[in-house]
Amino acid sequence: MTAPTTYTYANTYKVGRGRLAFNQLDSDGNYTGFRWLGNAPGFDINVESENLQHSSSEGGLSEIDLDIVLSITRTATITVDNFSSDNLAIFLGATVADIAQTSTSVTNELVEYVRTERFFQLGTSYLPTGVRGITAPTVDVYAPARVNDAVYAVGDMYLPATPNDHVYVCTVAGAAAASPPTFNTAGSTHTDGAATFKDAGLTSTLTSGTDYIFDGTHGIVSIGTTGQIADIYDSCVAAVGVGNFNLRLHVDYTRPANSREQIATGSAAAVTGELKFVADNPNGENQDVFLPSCSLRPNGALPFITAGEVGSVELAVGISVLNTTTSAIYIDGRPA
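Please read these numbers as outputs of a predicted model, since none were measured by experiment.

Q: Help me understand the overall build of the protein chain, please; the structure alone is not making it clear to me.
A: Helix and strand counts for the protein chain come out as 2 helices and 22 strands. Taken over the C-alpha trace, the protein chain has a radius of gyration of 34 Å; the compact-globule value for 336 residues is 20 Å, which it surpasses by more than 25%. Across its three principal directions, the C-alpha atoms of the protein chain cover 110 × 60 × 45 Å. Per-residue burial for the protein chain yields a buried fraction of 35% across its 336 residues. A fraction of 65% describes how many contacts in the protein chain between residues 6 or more apart in sequence connect residues 24 or more apart.

Q: Before we go on, may I ask you to explain the environment of Thr-185 in this structure?
A: Considering the arrangement of structural elements, one finds Thr-185 in the loop between β12 (174-175) and β13 (189-192). Take Thr-185: its relative accessible area is 46%, and that puts it in the partly exposed class. Residues Thr-185 and Gly-201, spaced 16 residues apart in sequence, show a C-alpha to C-alpha distance of 7.8 Å. Apart from residues no more than four positions distant in its own chain, Thr-185 is found in contact with Asn-164, His-166, Tyr-168 and Asp-199.

Q: Which parts of the structure should I look at to understand the state of the cysteines?
A: Linking two cysteines covalently via their sulfur atoms produces the bond known as a disulfide. For the structure on display, the rule yields 0 disulfides. Of the cysteine sulfurs around Cys-170, a residue in no disulfide, the closest is that of Cys-236, at 11 Å. Exposure remark for Cys-170: the relative accessible area of 0% places this residue in the buried category.

Q: It is not clear to me how the pattern of salt bridges should be interpreted in this structure. Could you clarify?
A: Two side chains carrying opposite charge are able to pair once their charged atoms lie near each other. For the structure shown, the criterion picks out 4 salt bridges. The salt bridge partner of Asp-86 is Arg-35, with a shortest N-O separation of 3.8 Å. Residue Asp-86 is found in helix α1 (residues 85-92), and its partner Arg-35 is found in strand β2 (residues 31-36); the two are separated by 51 residues along the sequence. A salt bridge links Arg-334 to Asp-288, with the nearest nitrogen and oxygen atoms 2.8 Å apart. Placement of Arg-334 in the segment after β22 (330-332) and of Asp-288 in strand β20 (residues 288-298) is noted, with a sequence separation of 46 residues between them.

Q: What is the right way to look at the pairing of strand β1 (residues 18-25) in this model?
A: The side chains of a regular strand alternate, first on one face of the sheet and then on the other. As judged from the 7 bridges shared by β1 and strand β19 (residues 271-279), these two strands associate in the antiparallel manner. What sits directly across from Gly-18, in β19, is Ala-279. Relative to β2, β1 is paired through 4 bridges, and the arrangement is antiparallel. Residue pairing across strands places Asn-23 opposite Phe-34, the latter belonging to β2. From the end of β1 to the start of β2, which pair antiparallel, there are 5 residues, and Gly-29 there has a positive phi angle of about 80 degrees.

Q: Whenever I open this one, the sheet that holds strand β10 (residues 157-158) confuses me. Can you help?
A: Either a parallel or an antiparallel arrangement is found when strands of a sheet pair, and the pairing is made through backbone hydrogen bonds. Taken in spatial order, the 4 strands line up as β10-β11-β14-β13 in an open sheet, and their pairing is antiparallel. Strands at the two margins of the open sheet, each flanked by one partner only, are β10 and β13. As paired strands, β13 and strand β14 (residues 195-202) are joined by 4 bridges and run antiparallel to one another. Each residue of the ladder has a partner; that of His-190, found in β14, is Phe-197.

Q: Explanation requested: the environment of Cys-294 in the structure shown.
A: For Cys-294, the position within the fold is in strand β20. Counting along the chain gives 12 residues from Cys-294 to Thr-306, while the straight-line C-alpha distance between them is 30 Å. If sequence neighbours within four positions are ignored, Cys-294 has contacts with Phe-22, Val-271, Thr-272, Gly-273, Glu-274, Leu-275, Val-317, Gly-318 and Ile-319.

Q: Sorry, what's going on with unusual backbone geometry here?
A: Note on backbone geometry: most residues besides glycine have negative phi, and most peptide bonds are trans. Here the phi dihedral of Glu-117 falls at roughly 60 degrees; this positive angle occurs in a residue that is not glycine. Its place among the elements puts Glu-117 in the loop between β6 (104-111) and β7 (118-121). With a phi angle near 45 degrees, Thr-205 is a residue other than glycine that sits in the positive phi range. Here Thr-205 shows up in the loop between β14 and β15 (213-215).

Q: Before we go on, may I ask you to explain a nonpolar patch on the surface in this structure?
A: Judged by side-chain polarity, Ile-45, Val-47, Val-69 and Ile-72 come together as a nonpolar surface patch covering roughly 330 Å² of accessible area. When contributions to the nonpolar patch are tallied by element, the ones reaching two or more residues are β3 (42-56) and β4 (63-80). The class of Ile-72 is partly exposed, set by a relative accessible area of 45%.

Q: How should helix α2 (residues 228-240) be read in this particular structure?
A: Working note: α-helix, 3.6 residues per turn, so residues spaced by three or four point in the same direction. Taking 1.5 Å per residue as the helical rise, α2 with its 13 residues ought to reach 18 Å, and the 18 Å between its terminal C-alpha atoms agrees with that figure. Considered for burial, the residues of α2 that qualify are Gln-228, Ile-229, Ala-230, Ile-232, Tyr-233, Ser-235, Cys-236 and Val-240. Residues of α2 that are buried in the fold lie against β8 (135-142), β10, β11 (166-172), β14, β16 (220-223) and β17 (248-255). Just beyond α2, the residue with positive phi is Gly-241, at close to 95 degrees.

Q: Got a minute to help me understand the nonpolar core in this structure?
A: The tendency in soluble globular proteins is for nonpolar side chains to be buried side by side. Counting residues in hydrophobic clusters, the biggest one holds 30 residues, and the most contacted among them are Leu-122, Met-157, Ile-229 and Leu-247. For this core, the elements supplying multiple residues, two or more each, are β6, β8, β11, β16, α2 and β17. Considering every element that reaches this core, the biggest residue donor is α2, with 5 residues. Beyond its immediate chain neighbours, meaning those up to four positions away, Leu-247 contacts Val-111, Glu-112, Tyr-113, Val-114, Val-141, Met-157, Ile-229, Ile-232 and Tyr-233. Core analysis: the next-biggest nonpolar cluster, separate from the first, contains 22 residues, Val-80, Phe-277, Val-313 and Leu-315 among them.

Cut-off values and rules
- Residues numbered from 1 in each chain as written.
- Predicted model: local features only at pLDDT ≥ 70, side-chain atom pairs only at ≥ 80, totals over all residues.
- Heavy atoms only, no water.
- Helix = DSSP H or I, 4+ residues; strand = E, 2+ residues; numbered from the N terminus.
- Rg over C-alpha atoms; globule rule 2.2 N^0.38 Å.
- Buried < 20%, exposed > 50% of the residue type's maximum accessible area, 1.4 Å probe, protein only.
- Contact = heavy atoms within 4.5 Å.
- Disulfide = S-S within 2.5 Å.
- Salt bridge = Lys/Arg side-chain N within 4 Å of Asp/Glu carboxyl O.
- Pairing = 2+ DSSP bridges.
- Patch = residues over 30% accessible without salt bridge, like charges linked within 9 Å, V, L, I, M, F, W, Y side chains within 5 Å.
- Areas by Shrake-Rupley, 256 points an atom, 1.4 Å probe, with all protein chains shown as cover.
- Expected span 1.5 Å × (residues − 1).
- Core = buried A, V, L, I, M, F, W, Y, C linked by side-chain atoms within 4.5 Å.

What follows is the structure in structure tokens.
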């Protein structure tokens, strides 16, 4: 049996498309102007209610005789695949700023616990993420100068007070002699008072591309498995074992003046403001949405490796009532 037809009507089907814009409040409570979020593959508004139900106990079968809505929670979800700095800042509760790097010549920047098959970021004491665009590097092996009568532990390293282009690692602990010993320069050991030291290798004329790899764009120094630094590391490992010594470098370089954009997280868990959706549907009536008071916060992962897919982030939107004369959600049709 078919359903009766009593009047003519048309179903309203929609294939939704459109653009989202956010008008963020700053720390002083001032709106900063609407900004398009960019391509957003998803925008959904969710409404949930909390009900109080009462059951009658007057009959053999308990039945609900009262159902009252106590509260309504309105939220939304936005999926954005535009990885702009501003969108990442919203997702991370962060700020976007240009950080300035000043020009100077850096001398004897200390790099510690050097080992092979590792790289080391330069300039982290100046900027947390280090320096960029540096030039004119020189790298030298560094160790404290030997001191008469000093007590040395296994793994301690020194250079002769009068340099001889070799560095030494302590293999037997003890107090050094009251005067410099005869330093071994053939890769073997010498006694220094009660202590014993091994010649760990040559320190002179370290060459970029041979003894280390320099990446000035990113401000890093890498140590491979060959070259003089690698030979010193391997010699120390053979003498005292991995992790029982501190191989150090001094690095000189020129730091130019430049600037770069940086996103840095802060204490904000969410941002607040107004959200506007402007519909542009290929099918169906265009209905624009306005949320006068809402918060945007992260909801899920921030992808950086996407395996051939376009990455996206999800933002959870908390919808609230701005004041007693303003609705939580407005949906506008277009003028006829």
